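Here is what each chain is made of, one letter per residue.
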Amino acid sequence: MLVLASAVAALHFALVLFVLTGSLVALRWPRLLCLHAPVALVVLAVNLAGEPCPLTVWELDLRAAAGAPLYPDGFIDHYFLDPFGADVHTTAAQIGIYAVALTPNLVGYALHAVRAVRTAPRSGDPERSASA
């Protein structure tokens, strides 16, 4: 069971990495946005609702079944903040988490918007007029 809990933790880490970098990676593979946007929105909704992440619950259930020690707070706190002695419940930690999550996504989606505007046909474009 502990191996499965570790696999869920690895999957969770991959999901966090995808949510953080997916919009930037999609600059190379634009179709990735079709997956990134809904996943990022679901993660944001779960976080804003104050609900525990289902992957965290699943990992903790598997750890409990294996008799391994559990951790009291969420995945981010346990694996990313605790090693540095930071408390996820502080305002500074919350601001930091949202800044780290939102900044690359705002940059990525802004670059996608700029790209879409630059490549969109203009109303006076001869190619668009010829095809109409």
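Keep in mind that what you see is a predicted model, and the values were worked out from it rather than measured.

**Student:** What is the right way to look at a nonpolar patch on the surface in this model?
**Tutor:** Taken together, the side chains of Leu-24, Val-107 and Leu-111 define a hydrophobic patch exposed on the protein surface, amounting to about 220 Å² of accessible area. Mapped onto the elements, Leu-24 comes out in helix H1 (residues 2–25).

**Student:** Got a minute to help me understand the nonpolar core in this structure?
**Tutor:** Nonpolar side chains in soluble globular proteins generally cluster together in the buried interior. Of all hydrophobic cores here, the largest spans 5 residues; its members are Ala-9, Val-16, Leu-60, Tyr-71 and Phe-75. The residues touching Val-16, leaving out its near neighbours within four places in the chain, are Phe-75 and Ile-76.

**Student:** Even after reading the chapter, I still don't get the layout of surface pockets, so can you show me in this structure?
**Tutor:** With a probe scaled to a water molecule rolled over the atoms, the places where space remains empty come into view. Approximately 1,300 Å³ is the volume found for the largest pocket. Taken together, 43 residues form the lining of the largest pocket, with Val-43, Asn-47, Cys-53, Ile-76 and Ile-97 sitting closest to its centre. Listing elements by their share of the lining of the largest pocket, those giving two or more residues are H1, helix H2 (33–48), helix H3 (54–65), helix H4 (75–81) and helix H5 (91–119). Along the lines of polarity and charge, the residues of the lining of the largest pocket split into 30 nonpolar, 10 polar and 3 charged.

**Student:** Would you mind showing me how to read the packing of aromatic side chains here?
**Tutor:** The description of an aromatic ring pair uses the distance of the two centres, along with the angle that the planes make with each other. Scanning the entire structure with this criterion turns up 4 aromatic pairs. Residues Phe-75 and Tyr-79 carry aromatic rings whose centres are separated by 4.8 Å and whose planes lie at 50 degrees to one another, so their mutual orientation is tilted. Taken as a pair, Phe-75 and Tyr-79 lie in helix H4 at a separation of 4 residues, close to a single helical turn. Tyr-79 gets classed as partly exposed once you look at its relative accessible area, which sits at 32%. Aromatic ring contacts, followed pair by pair, group Phe-13, Tyr-71, Phe-75, Tyr-79 and Phe-80 into a single cluster.

**Student:** Quick question: what am I supposed to make of the confidence of the model for the chain here?
**Tutor:** Do not read the predicted coordinates in detail wherever pLDDT is low. With 93% of its residues at a pLDDT of 70 or more, the chain has an overall mean of 91. When pLDDT is averaged over each element of the chain, H3 comes out on top at 97 and helix H6 (residues 126–131) at the bottom at 55.

**Student:** Looking at this structure, how should I read the side chain of His-112?
**Tutor:** Take His-112: it is sitting in helix H5. Exposure remark for His-112: the relative accessible area of 11% places this residue in the buried category. Beyond its immediate stretch of four places on either side in the chain, His-112 contacts Ser-23, Ala-26, Leu-27 and Leu-33.

**Student:** Is there a simple way to think about H3 in this case?
**Tutor:** Owing to its 3.6 residues per turn, the α-helix brings residues three or four apart onto one side. The terminal C-alpha atoms of H3, which comprises 12 residues, lie 16 Å apart, in line with the 16 Å expected from a rise of 1.5 Å per residue. All buried positions along H3 are accounted for by Leu-55, Thr-56, Glu-59, Leu-60, Leu-62 and Arg-63. Down the axis of H3, the buried side of the element spans an arc of 160 degrees, and every buried residue falls inside it. Structural note: H3 exposes Pro-54 and Ala-65 on the side pointing more than 90 degrees away from its buried face. Where H3 is buried, its residues touch H1 and H4. Of the residues flanking the end of H3, it is Gly-67, one or two places downstream, whose phi is positive at about 80 degrees.

Rules behind the numbers
- Residues numbered from 1 in each chain as written.
- Predicted model: local features only at pLDDT ≥ 70, side-chain atom pairs only at ≥ 80, totals over all residues.
- Heavy atoms only, no water.
- Patch = residues over 30% accessible without salt bridge, like charges linked within 9 Å, V, L, I, M, F, W, Y side chains within 5 Å.
- Areas by Shrake-Rupley, 256 points an atom, 1.4 Å probe, with all protein chains shown as cover.
- Salt bridge = Lys/Arg side-chain N within 4 Å of Asp/Glu carboxyl O.
- Helix = DSSP H or I, 4+ residues; strand = E, 2+ residues; numbered from the N terminus.
- Core = buried A, V, L, I, M, F, W, Y, C linked by side-chain atoms within 4.5 Å.
- Buried < 20%, exposed > 50% of the residue type's maximum accessible area, 1.4 Å probe, protein only.
- Contact = heavy atoms within 4.5 Å.
- 1 Å grid on protein atoms, 1.4 Å probe; cavity = no way out; pocket = protein on both sides within 12 Å on 5 of 7 lines; lining within 4 Å.
- Points joined across faces, edges and corners; volume = space filled by probe spheres on them.
- Nonpolar A, V, L, I, M, F, W, Y, C, P; charged D, E, K, R; others polar.
- Phe/Tyr/Trp six-rings, centres within 6.5 Å; stacked < 30°, edge-to-face > 60°.
- pLDDT = per-residue confidence, 0-100.
- Expected span 1.5 Å × (residues − 1).
- Arc of directions from axis to C-beta.

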